Amino acid sequence: MSYQPLLMSYEQAAQLRQHVNTDSLIGRSIAEEIEALEAYMPIGIEIPGHGEAGGYEHNRHKQNYIHLDLAGRLYLITQDKRYLDYATTMLVEYATVYKTLELNVSRDSNKPGRLFHQTLNENMWMLYASCAYSCIRHELTAAQTHLIETDLFKVMLEMFVVTYAENFDIIHNHGLWSVASAGICAYAINDQATVDKAIYGLKGDSVSGGFIAQLTQLFSPDGYYMEGPYYHRFSLRPIFLFAETIERRQPEIGIYQLKDEVIKTTAYAVMSTAFPDGTLPALNDSSRTMDIKDLGILLATNICFERYEKNETLLAMAKHQDKVWVHNSGATLSNALDNNTDVANFNWGSLSLTDGSEGECGGVTILRHRDAKSDDSMALLWYGQHGSDAKLHSALDHGHFDGLHLSLFNNNQEFTHDYGYGRWVNIEPKFGGRYIPENITYCKQTIAHNTVVVDQVSQNQGVTAIAQQHFGEKHFTILGESKLQGMSAFARDYYPGVDQQRTVLMVELAGIKKPVIIDLFRMISAEQHNYDYPVHYTGQIVRTNFQYQAHSSLSTVGDAHGYQHLWNVAQGNIENSSLTTWLMGNSYYSLISSANEHSEIIFARTGANDPDFNLRSEPMFILRQQGANHLFANVYETHGYFNEAIEASLDARGQVDSITVLHSDDSASIVSLNLVSGKQVQVCVSNITDVTDETQNSITVNGKEINWKGAVAIFE
Amino acid sequence: MLANLNSVLMNQQEIETIQQELGKNSLMGKSLKALIGDTDSYLALDIDVPGHSPAGGYAHNKHQQNYKYIDQAGRLFLITGEDKYAQFTADLLTQYADKYLELGFQKQRNTNPPGRLFHQMLNEHVWLLYASLGYSCISHWLSDAQRQHIITRLFEPMLEVATVKYHFDFDRIHNHGVWAVAAVATCGAAIGQEKYIDLAIHGLAGDDKKGGFLAQISNLFAPSGYYIEGPYYHRYAIRPLCLLAELTQRFRPEIDIFNFKEQVIGNTIQSLLSTAYPNGVFPSLNDASKSMDIKDEGVVIAVSIFAKHYPKDENLLGIAKIQGQVWVSGCGSALSTAYEAEESVELPCLPSVELNEGPNGDKGAQGFIRMQNDSGNISQLVMAYGQHGMGHGHFDTLGMTYFSNNQEVLCDYGFGRWVNIEPKFGGRYLDENKSYARQTIAHNLVTVDGGCQNNFDVDSADKKNGTPHFFIGTGKTQAMSAYAYDFFPGVTQQRSLILIEHEQLAQPLLIDLFRLSSEKTHQYDYSLQYQGQIIRHNVDFQQHKTLKTMGDNFGYQHLWNLGQAQAQDTTLVSWLQGNSYYTWLSTSSADDTLFFTRTGANDPSFNLRSESSLILRREAKNTLFANVLETHGYFNEAVEASLDARGKIQEINVIGFDDNASIVEIIAEEFTLTVMVNNDPNATEQSQTTIEFNNLTYSWQGFLAVETKRS
């Protein structure tokens, strides 16, 4: 077959031409790309030197490759010669200067490139430039082709494949970019030997390195990537671009079928963790705003739909993305959407994903619920392995000490959240846009999450090497569309001599509009400890049912493990049960919690010991209780409606009044929700390690025997 | 079809016009669709007529919803002809008639007397107005017995409470008084007792002076149409005002209400609209919510009324575009028709305007400057230099707010109130409204000696007003300047705000020259209320290990002192808000101190929002705070893009200032601006100023000159 562009044939380009200036999703997506390119071209071509992340030069190189790629692709589609000239000139100019540029200075343990301070960015540059090149190669003169291939692409390949050989085909997220960019570049210049290195590894064994080894080894059997969704989504782009190129050039490899369709499995794994508004949960180092509109997820949505299955959830995701990839797969998806106007919001349902290469390291469970008004609730319980994949170099230590963290979402917002990473990404005056020191001192620490801190020390002492030896274990899950869903997991020995079990139920209760979240956090220890249950909320405290003292001067809550960053704003003693209501956006949320003797609540705010204003100012509160074996029984109730603009407030008070622990030990936990109406709801959870649906539980509370079958029972 | 149709605000022809829009994609069609959807979901609930509760409590909310849907269902009955709407309206009104006289009066919670349904008569009037409108749409559908029951057990007793029991409060020349007369007139019209229309229009005394609608609209507004309490309360008054005006036109056309007193109705509607930010939200002048906007029902009604009764106005259509709806009425049809007749309607960029204050327009003014850049983005600058806003007034004369790149950047705290949130002090004004939100330090201006303007005394403040100096509202350099004399004893203040469109800058540049003069040394605190994250600064910042408050009184007790630093010659602080970077530069010296603060101290019930501010503190007699605020760059975390996180302006220097003039120079990498302002209160556009500072002579004509030098 004659040379074809890497990602679309000339014929497919001609087909896409039919969609230009149409109002379909593919038509609008093409129009957006044309608009972006037309806006960039008039500022002229400039090839700057080096700069900081987020600095001018860095941005310019990045913008250059983005628009170079657009120009190549759009030339094929529109046949507008200006795009051809633009792409040609830019490639020629880069080829002219590339060898003369010095290697940049690395700011961390990443290797430097000639254009960027880390090779990762340089890989991306090469990948996109190669795609563009493949689109216009047939229009270039022999001299131009020679210049671009010899003085640019071959020099780059030499640097990645030979000079940085030790990092080239490594089994890691960044390694995917490295092999994908080299493989794609090599295909573009017909260098099959390098293609083979990229696919099969430098050793050619498909085990020690290379694309196949990466795909086979990076993900758990459910496709989960240990660093979490934020880094995972970043790996989807090279995976799909490279896979699609391989499928076109060497279909005999059968890349999409590899390891039981691992490419699809791993794409679905990251997609299925998304909150109902499309943002990805901030597990480990992660931005709080990364979402399924990300380019990698967009590509994955389009290619999976084309190559794997015409799946309704993918269709719904495309509707949310409101954009398709400018590619024949995007046209397919766009046509499918045109024929399906009533696509509901995407819904991956309730599910668990295992972590660990054999699925042996715990995982994550997500409960989802859609109500009559199509509002989605979601609860996420994290109990996998530590998220640091530090094999490549130390800058990739992205794990947080956050075992048993819980994130809750409804009414289109995450109402108990994870701080995310400490980083002002690409904001050059903020530490060059890199991770800030507070990422380690606060964001990674246990107290920055919604999970219990023992004796004011982080899990595994906040030490990565210790944390890497621990992971959670699933106890049970109840998934589906019934009125009762649940998940329960253990984290053993994250603190010496302390085991933890968290059980989270999502329950529809009669007379309460939104499902309530019942959270039973059980501490198991022979020794007395201080247990802090933090709640990271957003918004304004509306009421409490207990007295507290607002401090007249503020000190920190503690000195280490993240506590040094928390101002102690107010404090109160709790007896029996506490209720705290806050307003976030248009919703009220109440947390009703059990308490034992000498229980306290501390209201805190981030910002202490933060001399550079690196942390966002966020409120939180801590339920502080002492005990050996101890149960935190909590219920989160969502209620009412507030709209300041139209001055409407409904049901600012919820219906749950208090919660009482009736029983808690290794056999079971039984609590009572006491409603304002006087009604009581009894919640029974089996703590027996190998509980099944058939397990018979029998517990005597206050002389009365309570019997139920299976993991959970609710008696209204 | 309906010979005996008696609806107060819709005639047969109007009904038919509206009917034609059902199912269409016109503004009226969309408004109808929304109205039907909203009403139908309420009809699906069980009818309930409860007793009493505090604001935001169940009963209060239910009564509010009930009147809203009585009106909506009434109108929809006429438009759709569906009996279910009439039935619902009839059932609800009948139940109110059954119950109304059985309910005792509520307990009085504030100066507003209590009603039977609500704790203040204000709400009761609103109820009466809407219930009367709804009734008038279905009265022909009711039996005689039903009509008599509703009239004698509900409406007549309510009219009695409004006009007899609380006669002293009925026709007052006040915001709330407009609701009272509108309710009474509407009810009178609905039940065919027209004497109430005349009482309402001409007042109990019948003299058009002591009270009544005509007296109210003659006296409530300045010649500019501005309402003293500010846009938040203005938009609330404009709803009954417009409804009653429409009623007056129908029942007493001889008054020619829409031309009354040089078209005061149209004038005050325009005045209200002209205060709004580009996103439709009203600046929070005085006690005000931060989210009240032109989609408010009163404003929607006002815009529809204006479209029907006044000449065509392009900006009005743009405002309707933001509103995305019209009032479902004959007036709304007029607006919808005008809107649909246009090929395309652009979002409005309202002109810059100075709205005078006081009955004769001589009590200062409120200034609004707008500037639109090449990409259509509108910046808006607001300065308050008029009267004190009475009981709702904030002590913020010469205060400013600034809106740039789709958001308020230099903010006003707004009111201290969680409106209608019952667990928050019954949804009423909080103590912190007085102790913080209304204090000078909660605004963007200078506080002298840690105090408050007029010592937080309403009576003293009511007697003062700002003094306008100049207002330049067109062109690439726009500006306003005003004085405040003796708001702090012995201190004269002048603020000049300048907005410059410069070819080197993507967004307009804000220059703020705040001058104070006094014979004695004072502590001057120049404060800015910002939102977002500090990105960089050029001071040696020392964060405190333990946080203490900034002071003990006048709002300072609510501010945590996060840390402080010695100021630089040009002090620079840059922050990120949303997708934009903002950099503030201020002339200062090592003798000045920059404080970073956050609200929340002495706030035992979490009543205050947690917000940040900067305070530049200086000891001086005569001084000029010369500031520049640059809007620059772009940040989008989701796509991890950051551009131009550093601005272009590098320095601002005071060349000189005195009672005659202020000269400052602003230095950027590629240019230098020299800004020259005439400070003489007697200056005119023709004034020639020549002044020498540091052996250099500066000359210009008029109030202001800005020169650019390339460097």
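The structure we're discussing is the one just above.
Worth saying up front: this structure is predicted, and the values here are computed from it rather than measured.

A. How the structure looks around the nonpolar core. In this structure, Leu381 of chain A together with Val184 and Ala185 of chain B are the most contacted members of the largest nonpolar core, which totals 438 residues. Of the residues forming this core, the biggest block, 12 residues, is contributed by helix α5 (residues 121-138) of chain B. Here alanine 185 of chain B is in contact with Tyr196, Ile197, Ala200, Ile201, Leu244 and Leu247 of chain B, once residues within four sequence places are set aside.

B. Spatial organisation of the pairing of strand β25 (residues 688-693) of chain B. All names here are of chain B. Inspection of the sheet shows β25 paired to strand β26 (residues 696-701) by six bridges, in the antiparallel sense. Within β26, the residue paired with glutamine 688 across the bridge is glutamine 701. If you look at the hairpin formed by β25 and β26, you'll find two residues sitting between the two strands, and asparagine 694 has a positive phi there, around 50°.

C. Geometry of the interface of chain B and chain A. Every contact between the two is made by 39 residues of chain B and, on the other side, 40 residues of chain A. Contributions of two or more residues to the side of chain B that touches chain A are made by β12 (533-537), β13 (542-549) and β21 (641-643) of chain B. Tallied by class, the residues present in the side of chain B that touches chain A amount to 16 nonpolar, 12 polar and 11 charged.

D. Region of the structure containing unusual backbone geometry. Residue and element names in this part refer to chain B. Of note, aspartate 449 is a non-glycine position whose phi angle comes to about 55°, a positive value. Within the fold, aspartate 449 resides in the loop between β6 (446-448) and α17 (458-462). Here phenylalanine 606, not a glycine, exhibits a phi torsion of approximately 50°, which is positive. Here phenylalanine 606 is to be found in the loop between β17 (593-599) and β18 (612-620). Note on phenylalanine 606: 22 C-beta atoms within 10 Å, which makes it buried.

E. The environment of isoleucine 238 of chain B, seen in detail. Residues and elements named next belong to chain B. With respect to the helices, strands and loops of the structure, isoleucine 238 is situated in helix α11 (residues 231-251). Among the residues examined, isoleucine 238 registers 28 C-beta atoms within 10 Å and is labelled buried. It is 7.5 Å that separates the C-alpha atoms of isoleucine 238 and isoleucine 269, two residues lying 31 residues apart in sequence. Not counting the four nearest positions on each side in its chain, isoleucine 238 is found in contact with Ile269, Leu272, Gly298, Val299 and Ala302.

F. Quick look at the sheet that holds strand β15 (residues 570-577) of chain B. Residue and element names in this part refer to chain B. Strands sit in the order β7-β8-β9-β10-β19-β16-β15-β12 across an open sheet of eight strands; the sheet is antiparallel. Of all the strands in the sheet, the pair left with one neighbour each is β7 (467-472) and β12. Ignoring which end each strand starts from, the neighbouring axes of this sheet average 15° apart. Here β12 pairs with β15 via four bridges, running antiparallel. For glutamine 533, the partnering residue across the bridge sits in β15 and is leucine 576.

What counts and what doesn't
Residues numbered from 1 in each chain as written. Chains lettered and ligands numbered in written order. Predicted model: local features only at pLDDT ≥ 70, side-chain atom pairs only at ≥ 80, totals over all residues. Core = buried A, V, L, I, M, F, W, Y, C linked by C-beta atoms within 7 Å. Buried ≥ 20, exposed ≤ 12 C-beta atoms within 10 Å, placed from the backbone. Helix = DSSP H or I, 4+ residues; strand = E, 2+ residues; numbered from the N terminus. Contact = placed C-beta atoms within 7 Å. Pairing = 2+ DSSP bridges. Nonpolar A, V, L, I, M, F, W, Y, C, P; charged D, E, K, R; others polar. Axes fitted to C-alpha atoms, helices over the stretch in contact; angles between N-to-C directions.

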